[in-house]
Each structure stands twice: as C-alpha cells, then as structure tokens.
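Listed below, chain by chain, are the residues.
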Amino acid sequence: MLPWQKILCPTDFSDPSSEALGAAVELAQHFSSELFVVHVVVPIPALGTGHISPSAFTVHDFQQELEKSSKKILEEHVAKRIPEGVSKRGMLVVGDPASRILDTAND
C-alpha cells in the first residue's frame, strides 16, 4: 500500500467527528501525511419577494458572522486536537456539505 500524502477529515465539531479526527491524526502521524480538516457552513437561504429589502442585508450580515465564528471555532478545534509536528490545515467552505466535501477532496 502506498503511503497517504494527504488526508481530508470533515468536521461538524460533534463528538463523532472529533473521534474521526483522532483517527485521521493517527493516520497522518503514521504516514507523515498532511491533514486537511474541513468544515462546511451551509448558506442561509435568502427569502425575498423579488426586491432588495432591509432584511436581505440582515441575512447577509448573519451569514458573514456565521462564517467568521465557524472559522474561529475551526482554528481552535485544529489547534486543540492536532498535535504539533502534524502538518495540518483547517479549511472553511460554504455550500452543500456533501458536494463541498467531495469538491475539496477532488481539489
């Protein structure tokens, strides 16, 4: 078996995904792989009537705040759960989780 150079581990910060991250860390250590931890933020649907309303800006602002806080949580999660010496990268993407995880893996 060829050694894995890159490992992608999606996370939603739940206990089961944290357990999966632990397994991914072990594999990354064993194979000296680069570990990519990806979190997907689902976009908030904008409900509109065909014109721009003040509430549209509120949804946009909330989406930006959601992405900002998710990025901070991801950075903390990666720093806390992945030991020094493991090559790691946290990635925040927006969209449908299944599609974006597959896109990220293909990239």
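Please read these numbers as outputs of a predicted model, since none were measured by experiment.

**Q** Sorry, what's going on with the overall build of the protein chain here?
**A** Looking only at helices and strands, the protein chain features three helices and three strands. Mapped from its N terminus to its C terminus, the protein chain presents α and β elements in the order β-α-β-α-β-α. Each of the 107 residues in the protein chain was classed as buried or not, and the buried ones make up 27%. Long-range pairs, those at least 24 residues apart, make up 72% of the contacts in the protein chain between residues at least 6 apart in sequence.

**Q** Mind showing me how you'd approach the packing of aromatic side chains here?
**A** Two measures describe an aromatic ring pair: the distance that separates the ring centres and the angle between the ring planes. What the rule picks out here adds up to one aromatic pair. Residues W4 and F31 carry aromatic rings whose centres are separated by 5.3 Å and whose planes lie at 45 degrees to one another, so their mutual orientation is tilted. On the criterion of sequence distance, the pair formed by W4 in the segment before β1 (6-10) and F31 in helix α1 (residues 15-31) is long-range, its members being 27 residues apart.

**Q** Is there a simple way to explain the environment of F31 in this structure?
**A** Under the relative-accessibility criterion, F31 is labelled buried at 18%. Through-space distance from the C-alpha of F31 to that of Q5 is 7.2 Å; in sequence the pair is 26 residues apart.

**Q** Looking at this structure, I do not really get unusual backbone geometry. What am I missing?
**A** Trans is the common state for peptide bonds, and a negative phi is the common state for residues other than glycine. Although it is not a glycine, F13 sits at a positive phi angle of roughly 70 degrees. Summarising the element assignment, F13 is placed in the loop between β1 and α1. Assessed through its relative accessible area of 24%, F13 is described here as partly exposed. Backbone geometry at S32 places phi at a positive 55 degrees, although glycine is not the residue there. Take S32: it is sitting in the loop between α1 and β2 (34-41).

**Q** Help me understand the environment of V93, please; the structure alone is not making it clear to me.
**A** Position of V93 relative to the elements: it lies in strand β3 (residues 88-94). Looking at V93, the relative accessible area reads 10%, which means it is buried. In the structure, V93 is positioned 54 residues away from H39 in sequence and 6.4 Å away in space, judged by C-alpha atoms. Ignoring any residue separated from it by four or fewer positions in sequence, one finds V93 in contact with V38, H39, V40, V41, R100 and T104.

**Q** I would appreciate a short explanation of the environment of Q5 in the present structure.
**A** In this structure, Q5 sits in the segment before β1. Of the residues examined, Q5 reaches a relative accessible area of 65% and is grouped as exposed. In this structure, the C-alpha to C-alpha distance between Q5 and E34, residues 29 residues apart in sequence, is 6.1 Å. When near neighbours in sequence (up to four residues on either side) are disregarded, Q5 contacts S33 and E34.

Each value, and the rule that gives it
Residues numbered from 1 in each chain as written. Predicted model: local features only at pLDDT ≥ 70, side-chain atom pairs only at ≥ 80, totals over all residues. Heavy atoms only, no water. Helix = DSSP H or I, 4+ residues; strand = E, 2+ residues; numbered from the N terminus. Buried < 20%, exposed > 50% of the residue type's maximum accessible area, 1.4 Å probe, protein only. Contact = heavy atoms within 4.5 Å. Phe/Tyr/Trp six-rings, centres within 6.5 Å; stacked < 30°, edge-to-face > 60°.

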